[in-house]
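Descriptive analysis of the structure
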Amino acid sequence: MASSHSSSPVPQSSSSDAFFKKEVDATKRFRPAQSLPDVCPKEPTGDPSNLCDSPSLVLDQHRWTIYHSKVNLPAALNDPRLAKRESDFFTKTWGVDFVDTEVTPSFYLPQITKEHFASYQQEITPREKVHDRCENICTSKDTFDRTLLHTHGVFISSFSPFQIFMKPDFALEDPLTFNVVLPWSHFSTAGGKGNRDAASSKLLQEKLSHYLDIVEVNIAHQISLRSEAFFHAMTSQHELQDYLRKTSQAVKLLREKISKIDKVMCEGSLRVLRLSLTRNNCIKAYNKLKLMATVHQTQPTVQLLLSTSEFVGALDLIATTQEVLQQELQGIHSFRHLGSQLCELEKLIDKMMIAEFSTYARNDLNRPLEDDCQILEEERLVSLVFGLLKQRKLNFYEIYGDEMIITAKNIIKQCVVNTVSQIEEIDTEVVVKLADQMRMMNFPQWFDLLKNIFSKFTIFLKRIKATLSTIRSVVFLVLDKNQKTGDLEDTLQKNSAKDSMVDTEVAYLTHEGMFISDAFSEGDLLPAAADTTSQRNTSPNSEPCSSDSVSEPECTTDSSSSKEQTSSSVTPRGVEMMIGDDVNMTDVELVRLANNIQELLYNASDICHDRSVKFLMARAKDGFLEKLNSNEFVALSRLMEGFILDTEQICGRKSMSLRGALQSQANRFVNRFHEERKTKLSLLLDNERWKQAEVPAEFQDLVDSVSDGRISLPEKKPAATEERKPTEFLIVEGQKYATVGTVLLLIRIILEYCQCVDNIPSITTDMLTRLSDLLKYFNSRSCQLVLGAGALQVVGLKTITTKNLALSSRCLQLIVHYIPIIRAHFEARLQPKQFSMLRHFDHITKDYHDHVAEISAKLVAIMDSLFDKLLSKYEVKAPVPSACFRNICKQMAKMHEAIYDLLPEEQTQMLFLRINASYKLHLKRQLAHLNVVNDGGPLNGLVTSDVAFYTGNLQALKGLNNLDLNMAEIWEQKR
């Protein structure tokens, strides 16, 4: 029968022993034994791989599979819920209610009958026939007439009628498989005949039932074949139970022996270890209680420290207590509120320190300003600063800055009050406002007041510098400590690699049990601060102890740390003893703070300068400063410059406010100074009659001092017993200068400009510009008055004589002589970038030389017009010398007499050479007009006699005897 060739779980063997060995040695096979397929396979899905996903006897032995089922296969295949076996296939597969269930027709869908598919069937039927014909021609990929089928190692005869169900790729969704299992052709060929359809359905059901019977028979046959192996397994189970019983007895005996060994050899040693650990735990608990007692006294100790203003010690104690609470005493119920109380106390200390620092700043800045720059309570300051740094209150310097502003105002106010109280002329009851009282002072009184204010401000800045230097020294000490700590951490990190190897060896030895004897001396090593890390690891049975506990010496060190710090020296040299590792500030923050403190010193200088400027402007409201004379303003300028230099030396930076105010007042002073002198010069020129003036002795001394290199006004000497008489000429470096009184005063004015530059260097450029303007004004105005004959109307002169012209020329030459000296004086006081301003002196020198040249040309022009007038009437006749030549010689003598004492001999000779050239030109023209030639005739002799008379008279004049007149040029040259 076909059922006798059904599959079995394992291949058959000739004996039961072989079967048992195969079960035992199944893991040694190259190919594991395959299990039977599921007797209730899943619904086919068309995926062949899913048909082989049956449970494994080896891999799935610990979970429930189909092999644990206790229901026989026929009962599983036959549905017991069906009342009749005549039910069709769909009823058995999908339930009893499948056939009888009625579906309510939808109102929205039409009733579909076979007539609706008639046209489709007519159209598709030819195509289906062609398709079937093509399939019959082509070879099928998977035919049903295979003779052998291999399923899980079992061969089934091809004659089996249900071989289609044993195929690995069995799937009802395959149309071919579905047509083979359910031949619908039997139902569709006789449509409309219900009786035949029912018969075909019953026939199909009987056929499937027959297949089921065949399967049941084959399964029963396979079970009968393996009955021997089953009984062999049962026998092996009894033997295994005997082995387990003997093993249990051996284990029980072994445990009894181990228990006896434990009581004899181990229990005492372990008890000693346990007692040692208990002792250590008691010591730790005692230390913990001592630590708790110390922590309990924190608040009273903090209050005691605050009563003596020991803020740093109080903060250290609070920080230490907070650390102990978080590490050593964490979880202690009695201290659950102590942490928040300490935080509130720390905030209170912050406020107290800020208030204390404000009080210190006020007391330090408001103490009497004497020549004492000592720091007020230096230890107290250092303690306050260090405490503020610990609490990161980095804006404490702003408090000091606010106090500086208030103190600077009070300094000026107090100085004014003290000065006003000493002046009897000021009635404080009538004049109430302090500014009005100050404006009633004269210059000496106000100058002394300003000097007093500057001296007070200088001491004030020195005190501020000393205090801020102390604060910065504390900041830099903290910064240095941080840098050293960072370097130490880097060194430790480099050494950590070397220490890791040693730690590894220690851990290995501890694990091996080589240090187990150290537990006996653990209690003795604790007071010596020994490392207990390895000892905790050596006792696995000991009770866990707190890793945060500390020994008694450690507790003593922590509790006394604040006392040691507060008792240490707090002077700047000993402040390093106060610096711990609890100043949590970065180097960037500390450097920024130090820079801000240094900037505060600069601000102090700016504050003093600003208050001084306001004081200066308050006095300058009524034009008081503009009315100062040169000496007073110079004294004021020197005082302000001295104060500015002192502040720059103290603070190390320039403050521009007071310097700017001084520059502003200097500009006003320069404008007034220049206008006064220009007006004075204008008045002098308008009243100048251009006559030679006598030179007083003081002017000669002034010129001599300039020649000696001292460009300044000489000090007034007491009246001598014998007054020196004034001289006729001004002697300058051996040369005589005939001048007018205006020029003498102009020289003095020029020296006033130069001296003002020496006294007030900041106005050098302005003074240079104003002096250039003054020299240009003198040049242009003198030209208008002399060359332009303006003096005729202004002064009332009858005429501008040659003497006036020569005197004007000599005065201009005197000014030109001093221009290089003035230029060198200003050049020494100008910045290199300002040297371009010196070109004004070059322009002035050129203008003066041009003016002198114009005067010389004017003198020549006067004589030229005279020659033209006289020689145009000249006739060559007796007597000799003629009247024309007598008049010419007479006018030449007058010219010489007018200018000889005024101009140097060289200039006189040059001038007469030019006059002689003009004379020769006119004479030559007249002789040509008269047709007189150098032929030795009588006319030539008369002319020669007149010329000889002219030459003799001209060379007879003083200083002209060696003058080369070259009179041969009067004759026309023969061609």
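Thresholds applied
- Residues numbered from 1 in each chain as written.
- Predicted model: local features only at pLDDT ≥ 70, side-chain atom pairs only at ≥ 80, totals over all residues.
- Heavy atoms only, no water.
- UniProt positions renumbered as here; feature names shortened; annotations may be inferred.
- Axes fitted to C-alpha atoms, helices over the stretch in contact; angles between N-to-C directions.
- Helix = DSSP H or I, 4+ residues; strand = E, 2+ residues; numbered from the N terminus.
- Parallel < 35°, antiparallel > 145°, perpendicular 65-115°, else oblique.
- Left-handed = near helix turned anticlockwise from the far one by under 90°.
- Contact = heavy atoms within 4.5 Å.
- Nonpolar A, V, L, I, M, F, W, Y, C, P; charged D, E, K, R; others polar.
- 1 Å grid on protein atoms, 1.4 Å probe; cavity = no way out; pocket = protein on both sides within 12 Å on 5 of 7 lines; lining within 4 Å.
- Points joined across faces, edges and corners; volume = space filled by probe spheres on them.
- Salt bridge = Lys/Arg side-chain N within 4 Å of Asp/Glu carboxyl O.
- Buried < 20%, exposed > 50% of the residue type's maximum accessible area, 1.4 Å probe, protein only.
- Polar contact = N/O pair within 3.5 Å; in protein donor to acceptor, adjacent residues only side chain to side chain.
- Phe/Tyr/Trp six-rings, centres within 6.5 Å; stacked < 30°, edge-to-face > 60°.
- Lys NZ or Arg CZ within 6 Å of the ring centre and 35° of its normal.
- Core = buried A, V, L, I, M, F, W, Y, C linked by side-chain atoms within 4.5 Å.
- Patch = residues over 30% accessible without salt bridge, like charges linked within 9 Å, V, L, I, M, F, W, Y side chains within 5 Å.
- Areas by Shrake-Rupley, 256 points an atom, 1.4 Å probe, with all protein chains shown as cover.

Per an unreviewed UniProt entry, the chain goes by the name Vacuolar protein sorting-associated protein 54 and belongs to Calypte anna. In its Subcellular location (unreviewed entry) section, UniProt records this for the chain: "Golgi apparatus, trans-Golgi network". Per UniProt, the comment on the chain under Subunit (unreviewed entry) is "Component of the Golgi-associated retrograde protein (GARP) complex, also called VFT (VPS fifty-three) complex, composed of VPS51, VPS52, VPS53 and VPS54. EIPR1 interacts with GARP complex and mediates its recruitment to the trans-Golgi network. Interacts with VPS51 in an EIPR1-independent manner."

In the contact formed by helix H20 (residues 587-619) and helix H21 (residues 630-651), the axes pass within 10 Å of each other and the chain directions differ by 165°. Comparing their axes, H21 and H20 come out roughly antiparallel. Read as a crossing pair, H20 and H21 show a hand that is right-handed. Residue-level inspection shows Gln598, Leu601, Tyr602, Ser605, Cys608, His609, Ser612 and Leu616 of H20 in contact with H21, the latter providing Met640, Phe643, Ile644, Thr647, Ile650 and Cys651. Of the residues assigned to the contact of H20 with H21, the class counts are nine nonpolar, five polar and no charged.

Where empty space is left becomes clear once a probe the size of a water molecule has been rolled over the atoms. One pass over the full model with this rule turns up one cavity of 30 Å³ or more. One number sums up the size of the largest cavity: a volume of about 70 Å³. Mapped by element, the contributors of at least two residues to the lining of the largest cavity are helix H24 (741-759) and helix H27 (802-827). Its residues placed into classes, the lining of the largest cavity shows eight nonpolar, no polar and no charged.

As enumerated under the stated definition, the model contains 15 salt bridges in all. A salt bridge links Glu676 to Arg677; the shortest N-O distance between them is 3.4 Å. The class of Glu676 is partly exposed, set by a relative accessible area of 39%. The class for Arg677 is buried, based on a relative accessible area of 13%. For Asp842, the salt bridge is made with Arg823, and the minimal N-O distance between the two is 2.9 Å. Residue Asp842 is found in helix H28 (residues 839-871), and its partner Arg823 is found in helix H27; the two are separated by 19 residues along the sequence. A residue is classified by how much of its surface remains accessible, and Asp842, at 41% relative accessible area, is partly exposed. One salt-bridge network, held together by shared partners, links Arg672, Glu676, Arg677 and Glu752.

With respect to the secondary-structure elements, Arg619 resides in helix H20. Among the polar contacts listed, one links the side chain of Arg619 to the backbone oxygen of Met441, at a separation of 2.7 Å. Once residues within four sequence positions are removed from consideration, Arg619 is found in contact with Met438, Arg439, Met441, Trp446 and Phe624.

A few words on the packing of aromatic side chains. What the rule picks out here adds up to 13 aromatic pairs. Judged by centre distance (4.2 Å) and plane angle (5°), the ring pair of Phe633 and Phe669 falls under stacked. Of this pair, Phe633 sits in helix H21 while Phe669 sits in helix H22 (residues 656-687), and the two are 36 residues apart along the sequence. Per residue, the accessibility class of Phe633 equals that of Phe669, and both read buried. Grouping aromatic residues by their ring pairs yields a cluster made of Phe867, Tyr874, Phe885, Tyr919 and Tyr950. If you follow Arg810 out to its NZ or CZ, it ends over the ring of Tyr737, 3.9 Å from the centre.

Soluble globular proteins tend to pack their nonpolar side chains together in the buried interior. Counting 199 residues, the largest nonpolar core has Trp446, Phe826 and Phe912 as its most contacted members. Considering every element that reaches this core, the biggest residue donor is helix H16 (residues 443-512), with 18 residues. Beyond its immediate stretch of four places on either side in the chain, Phe912 contacts Met892, Met895, His896, Ile899, Leu954, Leu957, Leu960 and Leu963. Counting residues in hydrophobic clusters, the runner-up holds five residues, among them Ile164, Phe170, Val181 and Leu182.

Let's shift gears to a nonpolar patch on the surface. A cluster of nonpolar residues, Phe107, Tyr108 and Leu109, forms a patch on the protein surface that exposes about 520 Å² of accessible area. Here Tyr108 lies in the loop between helix H4 (97-100) and helix H5 (118-137).

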